[in-house]
Amino acid sequence: MPINEKEYNGNLFDQLTLLERLEIEAQKDNAENVLRQIEFEKKAINRKLYQKPPLTEN
């Protein structure tokens, strides 16, 4: 479990990086179903990453 918001955001960025790598391979194979699912997952992560207001306030 992440200790703070910075660590949590780091984990979300790691997930986005992994999805981007998978997206490159899915594009090579023209795997449309996989590409749609990757896009859905990226949107879900971005909602968490750029939520308003942030998890913590300074």
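Above this text sits the structure in question.
Residues numbered from 1 in each chain as written. Predicted model: local features only at pLDDT ≥ 70, side-chain atom pairs only at ≥ 80, totals over all residues. Heavy atoms only, no water.

K.L.:
Can you help me understand helix α2 (residues 32-49) in this one?
P.N.:
An α-helical turn contains 3.6 residues, so a residue and the one three or four places further along point in the same direction. With 18 residues, α2 should reach 26 Å at 1.5 Å per residue; the first-to-last C-alpha distance of 25 Å fits that figure. Looking at α2, one finds that the buried residues are L35, I38, K42, A44, I45 and L49. In this fold, the buried residues of α2 make contact with α1 (5-29). (Helix = DSSP H or I, 4+ residues; strand = E, 2+ residues; numbered from the N terminus. Expected span 1.5 Å × (residues − 1). Buried < 20%, exposed > 50% of the residue type's maximum accessible area, 1.4 Å probe, protein only. Contact = heavy atoms within 4.5 Å.)

K.L.:
What am I meant to see in the nonpolar core here?
P.N.:
Where a protein is soluble and globular, its nonpolar side chains tend to be buried together. Of all hydrophobic cores here, the largest spans 8 residues; its members are L12, L16, L19, A26, L35, I38, I45 and L49. In contact with L49, other than residues within four places in its own chain, are N9, L12, F13 and L16. (Core = buried A, V, L, I, M, F, W, Y, C linked by side-chain atoms within 4.5 Å.)

K.L.:
Just checking my understanding: could you explain unusual backbone geometry for this structure?
P.N.:
Among all residues except glycine, the phi angle is most often negative; among peptide bonds, the trans geometry is most common. Here the phi dihedral of N30 falls at roughly 55 degrees; this positive angle occurs in a residue that is not glycine. Relative to the assigned elements, N30 resides in the loop between α1 and α2. Taking relative accessible area as the criterion, N30 reaches 56% and is therefore assigned exposed.

K.L.:
Before we go on, may I ask you to explain the pattern of salt bridges in this structure?
P.N.:
Note that side chains of opposite charge can pair when their charged atoms are close. Inspection of every chain in the model, using the stated rule, returns 2 salt bridges. Taking the shortest distance from any N to any O, the salt bridge between K42 and E23 comes out at 3.0 Å. Taken together, the residues span a long stretch of sequence, with K42 in helix α2 and E23 in helix α1 at a distance of 19 residues. Grouping residues by exposure puts K42 and E23 together as buried. Notably, a salt bridge pairs K28 with E25, separated by 3.1 Å at the nearest N-O pair. On the criterion of helical spacing, the pair formed by K28 and E25 is a turn pair, its members being 3 residues apart in helix α1. Using a relative accessible area of 42% as the deciding quantity, one classes E25 as partly exposed. (Salt bridge = Lys/Arg side-chain N within 4 Å of Asp/Glu carboxyl O.)

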